[in-house]
Amino acid sequence: MTEGPANLRLEDYLSVHAAPELSRAIAAIGRVAVWLAAWIARGPLQASAETPLARNASGDSQKAIDIAADRAFAEALAKAGLR
């Protein structure tokens, strides 16, 4: 593993060590993951967030958090010019 300063931003590291498209994809996914982790860390989700709202293509129930996360990832990748 490459050692570096603890305050090195992911985008800065990737700009040197990854292809531009891959760098944009990883950075976009990372930003959404941080947002999603903060949402989950707030504690138990409201009942409405845990209520199944839909079913995905494989038949699994989709809750508000599933739908919000999917939209957030799709939007972040689109903003990065990848979707």
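The structure presented is a predicted model; accordingly, all values stated were derived computationally and were not measured.

### A few points about the nonpolar core
And step 1. Within the largest apolar cluster, seven residues are counted, these being Ala25, Ala28, Val32, Ala72, Ala76, Leu77 and Ala80.
And step 2. Among the secondary structure elements, those contributing two or more residues to this core are helix H2 (20–41) and helix H4 (64–79).

### Points about the packing of aromatic side chains
And step 1. Taken as a whole, this structure holds one aromatic pair when the rule is applied.
And step 2. Consider the rings of tryptophan 35 and tryptophan 39, whose centres lie 5.5 Å apart with planes at 35 degrees: the pair is tilted. Here tryptophan 35 and its partner tryptophan 39 are both found in helix H2, four residues apart, which amounts to about one turn of the helix.

### Points about the side chain of serine 23
And step 1. As for its placement among the helices and strands, serine 23 is situated in helix H2.
And step 2. For serine 23, the contacting residues outside a window of four places in its chain are Glu11, Leu14, Ser15 and Ala18.

Criteria and thresholds
- Residues numbered from 1 in each chain as written.
- Predicted model: local features only at pLDDT ≥ 70, side-chain atom pairs only at ≥ 80, totals over all residues.
- Heavy atoms only, no water.
- Core = buried A, V, L, I, M, F, W, Y, C linked by side-chain atoms within 4.5 Å.
- Buried < 20%, exposed > 50% of the residue type's maximum accessible area, 1.4 Å probe, protein only.
- Helix = DSSP H or I, 4+ residues; strand = E, 2+ residues; numbered from the N terminus.
- Phe/Tyr/Trp six-rings, centres within 6.5 Å; stacked < 30°, edge-to-face > 60°.
- Contact = heavy atoms within 4.5 Å.

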